[in-house]
Amino acid sequence: GENTVRFRAVMEGRADAEIHFNVNYTPTLANYSAAAWPIQENYDQLVRLYAQWQDRVFLCNGEIIEIIEEDGVERLVMDISGNGEDLVVLVNESSFGTPVIGQSYSVYAHVPAREEARYMYNATYYPQLITLYMDVAA
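Anyway, here's the lowdown on the structure attached to this text. (Residues numbered from 1 in each chain as written. Predicted model: local features only at pLDDT ≥ 70, side-chain atom pairs only at ≥ 80, totals over all residues. Heavy atoms only, no water.)

**Regarding the side chain of Glu 74**
Within the secondary structure, Glu 74 sits in strand 5 (residues 73-79). Of the side chains with opposite charge, Arg 75 lies nearest to the buried Glu 74, which makes no salt bridge, at 11 Å. Among the polar contacts made by the side chain of Glu 74, one reaches the side chain of Asn 92 at a distance of 2.7 Å. Of note is the side chain of Glu 74, whose polar atom sits 2.6 Å from the side chain of Thr 98. Setting aside chain neighbours within four positions, we find Glu 74 in contact with Ile 67, Ile 68, Glu 69, Leu 90, Val 91, Asn 92, Gly 97, Thr 98 and Pro 99. (Helix = DSSP H or I, 4+ residues; strand = E, 2+ residues; numbered from the N terminus. Buried < 20%, exposed > 50% of the residue type's maximum accessible area, 1.4 Å probe, protein only. Lys, Arg positive; Asp, Glu negative; His and termini not counted. Salt bridge = Lys/Arg side-chain N within 4 Å of Asp/Glu carboxyl O. Polar contact = N/O pair within 3.5 Å; in protein donor to acceptor, adjacent residues only side chain to side chain. Contact = heavy atoms within 4.5 Å.)

**Quick notes on the pattern of salt bridges**
With the rule as written, the count across this model stands at one salt bridge. In this structure, Arg 75 and Glu 70 form a salt bridge, with 3.1 Å as the shortest nitrogen-oxygen distance. On the basis of relative accessibility, which here comes to 13%, the residue Arg 75 falls in the buried class. Look at Glu 70 and you get partly exposed, because its relative accessible area is 31%.

**Remarks on the pairing of strand 5**
Of all seven residues in strand 5, six are buried, a share of seventy percent or more. The pairing of strand 4 (residues 57-70) with strand 5 spans seven bridges and is classified as antiparallel. Along strand 5, the bridge assignment pairs Glu 63 with Asp 79. Joining the antiparallel neighbours strand 4 and strand 5 is a turn of two residues, in which Asp 71 adopts a positive phi near 55°. (Pairing = 2+ DSSP bridges.)

**Examining the environment of Tyr 32**
If you trace the backbone, Tyr 32 turns up in helix 1 (residues 29-34). In this structure Tyr 32 comes out as buried when scored by relative accessible area, which is 5%. Once the C-alpha coordinates of Tyr 32 and Tyr 108 are considered, the two residues, 76 residues apart in sequence, prove to be 7.6 Å apart. The contact partners of Tyr 32, leaving out residues within four places of it in the chain, are Pro 27, Val 57, Tyr 108, Ala 109, His 110, Ile 130, Leu 132 and Tyr 133.

**As for helix 2 (residues 39-49)**
The periodicity of an α-helix, 3.6 residues per turn, causes residues three or four places apart in sequence to face the same way. Within helix 2, the full set of buried residues consists of Ile 39, Asn 42, Tyr 43 and Leu 46. One side of helix 2 carries all its buried residues, which in axial view fall inside an arc of 145°. Of the residues in helix 2, the exposed ones pointing more than 90 degrees away from the buried face are Glu 41, Asp 44 and Arg 48. (Arc of directions from axis to C-beta.)

Here it is as structure tokens:
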């Protein structure tokens, strides 16, 4: 999440100065997972309402089918449908480390607060989510 903190500095005889800065924090797993919607049941709506669903958290279960490393960012392509149709691209910001292709994982991830965040993979745009927590699927 991101909170904007604002300060107003008042000095005699001068215009007010406003200082803005963003404070980034990682929510706890308990708080983050409590807010999560299962992605399988909500996938079609996520694709349609992606831009309006900024910061919405999803629980994603599926197999990692590809790992894309570019510009120091690790993206995990997850098949949540089991048949290669419903894919989600996960920006791995978790402390889990790099997963194994072909292994199934359980991931908590959210829609980024950036409009342009859909990701083109194999000539199709898929929802791109920011992953904060992941583990091997039970």
